[in-house]
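Structural description and commentary
Below, each chain spelled out in residue letters.
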Amino acid sequence: MADKRIGFIGAGQMAEALARGFINKGVCKAEHMWATDPVDERKEVFRSFGTNPVDGNIEVVTSSDVIFIAVKPQYVSVVLREVRPHLEDRHTIVSIAAGITLQSLKDAAGDGIRLVRVMPNTPCLVGETAAAMCLGGKADDSDAQLVQRLFDSVGKIYRVDEKLLSAVTGLSGSGPAYIFLMIEALADGGVRSGLPRDIANQLAAQTVLGSAKMVLQTGKHCGALKDMTCSPAGTTIAGIHELEKAGTRAAFMNAVYAATQRADELAKSG
Amino acid sequence: MGEALIRGFLRSKVSSPGRICVSVRDVERQDALERIGIGSIFGDATDGGSKEVAQFSSVILLCTKPQAMTEVLQSLAPHVTSEHLVISVAAGITLQTLESALGEGVRVVRVMPNTPALVQCGASAYALGKNVTARDADIVDLLLSSVGFCIAVEEKQLDAVTGLSGSGPAYVYLMIEAMADGGVMAGLPRETALALAAKTVAGAAQMVFGDDGGSNSSSALGMVHPGVLKDRVASPAGTTIAGLAELESSGVRGAFIRAVSRAAQRAKEIGS
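Looking at an unreviewed UniProt entry, one finds chain B named Pyrroline-5-carboxylate reductase and attributed to Chlorella vulgaris. The record in UniProt for chain B states the following under Subcellular location (unreviewed entry): "Cytoplasm".

Chain A is annotated in an unreviewed UniProt entry as Pyrroline-5-carboxylate reductase of Chlorella vulgaris.

Shown next, in the form of structure tokens:
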């Protein structure tokens, strides 16, 4: 891992978050990173934290071993076709473009190339992504391990079959928005009950963060954790009752499912 | 809750096993505390335990169930002086109750913590009694900050805090489970769905705290409005807005508002 050079075609916010995460957690040195972007400002940002911004996609490819395709989905094919003649066995192409299938990556990059498709999510920007990956082309377990090691520095990544990526989109891809909605509503509840807005906001966000960490770190079932906090005739069970009356569970299931279906529609039409 | 706080204090090194003593009634609880390395474990508060704790400590945390508080306060009162700082985490037990039971000069603080203190990510609010000094307030802040976020509030706001951050974790567990169920419905294996759901919730909450990620700071500066974040990720005719439309049609916002309000109301009923 220490000797792998990483390249970014497209140096936007996601690419920056990934690059900074890799550097901060020591999985790659800044001087072993290359990046390109049509916008000069973005190249300057990448220069500012010690990487090597260059002017062309081809130069990124010839300088790197692992290449992140971080451009907008509509440009992925164009970019891969451009660099195709320069792709070698050592290269692993990692696409983070939503909705771009392994097949279309293969069509653009050619046969015999190591392809990895990743669906990250916005909290990648704060180093807390929930992501999934699938392999294509000539990619093997060593590529999976490499990508896993990289993404562990900015959150967590899980391997799935490509056909499940729509479900991942519906759950972790779109999921953050459902949580933003919930945090705002919890804060509203606090304000309704007499708290000043800023205190309600902080308590709401911290409660959501802490509870998620309880699930992640204790490994206990959500139902068991809920039971543990609901004392007889107490405040918590009264709150839970309101959520159950309103069919909140079904609403969240519906949200994930509807977003998944939309992802499927987009994949078909794209 | 008491155990969560102790574990949190030890993990963050704001205290050490040798400087903590506990009075517990249950033998099982005594064993559990021995296993964490707490050296001084005394028996039932009402059976001599209170005296021993008061002799050992300068800061006393009352973590008993609200219904046991009357007895515990009675047992503690003869042994507590104006040298002690007494911190109660018992829901619904007012500062007035504490001050009347323990004696007029005693310094008391009332805290509403929450269980994620166990993983150093708690959300607590506290109200100061009338004899409390600025130094006491600093001690409370130090202790509670070691296990997460804390903020000073007026006593009358503690019922709302109970409804929101005290009871809130249960609402979040419900939501995480439901999101994982949605993932399973969409075809993901349970383990993957749960891991993605929980991590997504953690990541999203972290984003609300903004770039500096300082969730343990009591400043609201740098926090990003959740509505702004939601707008940023909901692209036109995309997957996210499709999911959000379901939540809005089901009145999920109202459900959470009612959950917090009803729990706060229940806290008020219990306390009076």
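Further notes follow.
1. Brief notes about the overall build of chain B
When you go through chain B residue by residue, the secondary structure sums to 12 helices and seven strands. Out of the 272 residues in chain B, the part that is buried amounts to 54%. Taking all contacts inside chain B whose residues are at least 6 apart in sequence as the whole, residues at least 24 apart take part in 56%. Roughly 11,300 Å² of accessible area belongs to chain B as shown, and the carbon and sulfur atoms make up 50% of that amount. Here chain B contributes 23 positively and 27 negatively charged side chains, and the mean placements of these two sets differ by 2 Å.

2. As for the nonpolar core
Ranked by internal contacts, the top residues of the largest apolar core, which has 132 residues, are Tyr178 of chain A together with Tyr171, Ile176 and Met179 of chain B. The element best represented in this core is helix H9 (residues 190–208) of chain B, accounting for 11 residues. No fewer than three residues from each of domain 1 (2–156) and domain 2 (168–271) of chain B sit in this core. Ile6, Leu18, Met33 and Cys124 of chain A belong to the second-largest nonpolar core, a separate cluster that totals 31 residues.

3. Section: the UniProt feature "domain: Pyrroline-5-carboxylate reductase catalytic N-terminal" (unreviewed entry) in chain B
Mapped onto the present numbering, the UniProt feature "domain: Pyrroline-5-carboxylate reductase catalytic N-terminal" (unreviewed entry) falls on residues 1–92 of chain B. Across residues 1–92 of chain B one finds 39% helix and 15% strand; the C-alpha atoms that close the span lie 15 Å apart.

4. Observations concerning the UniProt feature "binding site: NADPH" (unreviewed entry) in chain A
All names here are of chain A. Feature annotation in UniProt assigns "binding site: NADPH" (unreviewed entry) to the following positions: Asn57. The residue Asn57 is located in helix H3 (residues 57–63) in this model. Setting aside residues no more than four positions away along its own chain, Asn57 makes contact with Ile9, Thr36, Val79, Glu82 and Val83.

5. Remarks on the sheet that holds strand E5 (residues 107–112) of chain B
All names here are of chain B. In spatial order, the strands read E3-E4-E5-E6-E7; together these five strands make up an open sheet with mixed pairing. Since the sheet does not close on itself, it has two edges, and those belong to strand E3 (59–62) and strand E7 (148–152), each with one partner. Neighbouring strand axes in the sheet, compared pairwise and without regard to direction, differ in orientation by 25° on average.

6. Considerations on helix H12 (residues 252–271) of chain B
Its 20 residues place the ends of H12 of chain B 29 Å apart at the C-alpha level, agreeing with the 28 Å of an ideal helix rising 1.5 Å per residue. Listing the buried residues of H12 of chain B in full gives Val252, Ala255, Phe256, Ala259, Val260, Ser261, Ala263, Ala264 and Ala267 of chain B. At its buried positions, H12 of chain B is contacted by helix H8 (175–192), helix H11 (235–245) and helix H12 (248–269) of chain A together with helix H7 (158–166), helix H8 (168–185) and helix H11 (239–249) of chain B.

7. Focus on the UniProt feature "domain: Pyrroline-5-carboxylate reductase catalytic N-terminal" (unreviewed entry) in chain A
When the UniProt feature table is mapped onto this chain numbering, "domain: Pyrroline-5-carboxylate reductase catalytic N-terminal" (unreviewed entry) sits at residues 5–99 of chain A. End C-alpha atoms of residues 5–99 of chain A are separated by 26 Å, and the span's content is 41% helix alongside 19% strand.

8. Concerning the packing of helix H10 (residues 222–229) of chain A against H8 of chain B
Here H10 of chain A crosses H8 of chain B at 165°, and the two axes come no closer than 9 Å. As the angle between them shows, H10 of chain A and H8 of chain B are arranged roughly antiparallel. The element H10 of chain A and its partner H8 of chain B pack so that their crossing is left-handed. Where H10 of chain A approaches H8 of chain B, its residues Cys222, Gly223, Leu225, Lys226 and Thr229 of chain A are matched on the opposing element by Ala170, Tyr173, Ile176 and Glu177 of chain B. Grouping the amino acids of the contact of H10 of chain A with H8 of chain B by side-chain chemistry returns five nonpolar, two polar and two charged.

9. Notes on a negative patch on the surface
A contiguous patch of negative charge on the surface is contributed by Asp26, Glu28, Asp31 and Glu34 of chain B. By the secondary structure assignment, Asp31 of chain B is in helix H2 (residues 27–36).

10. A closer look at the sheet that holds strand E4 (residues 66–69) of chain A
Residue and element names in this part refer to chain A. Taken in spatial order, the eight strands of this open sheet run E3-E2-E1-E4-E5-E6-E7-E8, and their pairing is mixed. Of all the strands in the sheet, the pair left with one neighbour each is strand E3 (52–53) and strand E8 (155–159). In terms of strand pairing, strand E5 (residues 92–95) meets strand E6 (residues 114–119) through four bridges, oriented parallel. Paired with Ile93 across the two strands is Leu115, which belongs to E6. Sheet strands touched by helix H4 (residues 73–83): strand E1 (6–9), E4 and E5. Its angle to E4, the strand with the most contacts, is close to 150°. Contacts from helix H6 (residues 141–152) reach E1, E4, E5, E6, strand E7 (129–137) and E8, with the element oriented near 155° to E8.

11. Details of the domain arrangement of chain B
When its domains are assigned, chain B resolves into domain 1 (2–156) and domain 2 (168–271). Placing a centre on the C-alpha atoms of domain 1 of chain B and another on those of domain 2 of chain B gives a separation of 31 Å.

12. Details of unusual backbone geometry
We note that Ala233 of chain A has phi near 55°; this positive angle belongs to a residue other than glycine. Structurally, the position occupied by Ala233 of chain A is in the loop between H10 and H11. A positive phi is found at Gln120 of chain B, a non-glycine position, where the angle reads about 60°. Its place among the elements puts Gln120 of chain B in the loop between E5 and strand E6 (122–128).

13. Thoughts on the packing of H8 of chain B against H9 of chain B
All names here are of chain B. Relative orientation of the contacting elements H8 and H9 amounts to 135°, with a least axis distance of 8 Å. One element, H8, and the other, H9, form an angle in the oblique class. Crossing angle aside, the handedness with which H8 passes H9 is right-handed. Across the interface between the two elements, Val172, Met175, Ile176, Glu177, Met179, Ala180, Asp181, Gly183 and Val184 of H8 pack against Arg190, Ala193, Leu194, Ala197, Ala198 and Val201 of H9. Here the contact of H8 with H9 is built from residues that sort into 11 nonpolar, one polar and three charged.

Rules used throughout
- Residues numbered from 1 in each chain as written.
- Chains lettered and ligands numbered in written order.
- Predicted model: local features only at pLDDT ≥ 70, side-chain atom pairs only at ≥ 80, totals over all residues.
- Heavy atoms only, no water.
- UniProt positions renumbered as here; feature names shortened; annotations may be inferred.
- Helix = DSSP H or I, 4+ residues; strand = E, 2+ residues; numbered from the N terminus.
- Buried < 20%, exposed > 50% of the residue type's maximum accessible area, 1.4 Å probe, protein only.
- Contact = heavy atoms within 4.5 Å.
- Areas by Shrake-Rupley, 256 points an atom, 1.4 Å probe, with all protein chains shown as cover.
- Lys, Arg positive; Asp, Glu negative; His and termini not counted.
- Charge placed at Lys NZ, Arg CZ, Asp CG, Glu CD.
- Core = buried A, V, L, I, M, F, W, Y, C linked by side-chain atoms within 4.5 Å.
- Domains from an automatic or database assignment.
- Pairing = 2+ DSSP bridges.
- Axes fitted to C-alpha atoms, helices over the stretch in contact; angles between N-to-C directions.
- Expected span 1.5 Å × (residues − 1).
- Parallel < 35°, antiparallel > 145°, perpendicular 65-115°, else oblique.
- Left-handed = near helix turned anticlockwise from the far one by under 90°.
- Nonpolar A, V, L, I, M, F, W, Y, C, P; charged D, E, K, R; others polar.
- Patch = residues over 30% accessible without salt bridge, like charges linked within 9 Å, V, L, I, M, F, W, Y side chains within 5 Å.
- Salt bridge = Lys/Arg side-chain N within 4 Å of Asp/Glu carboxyl O.

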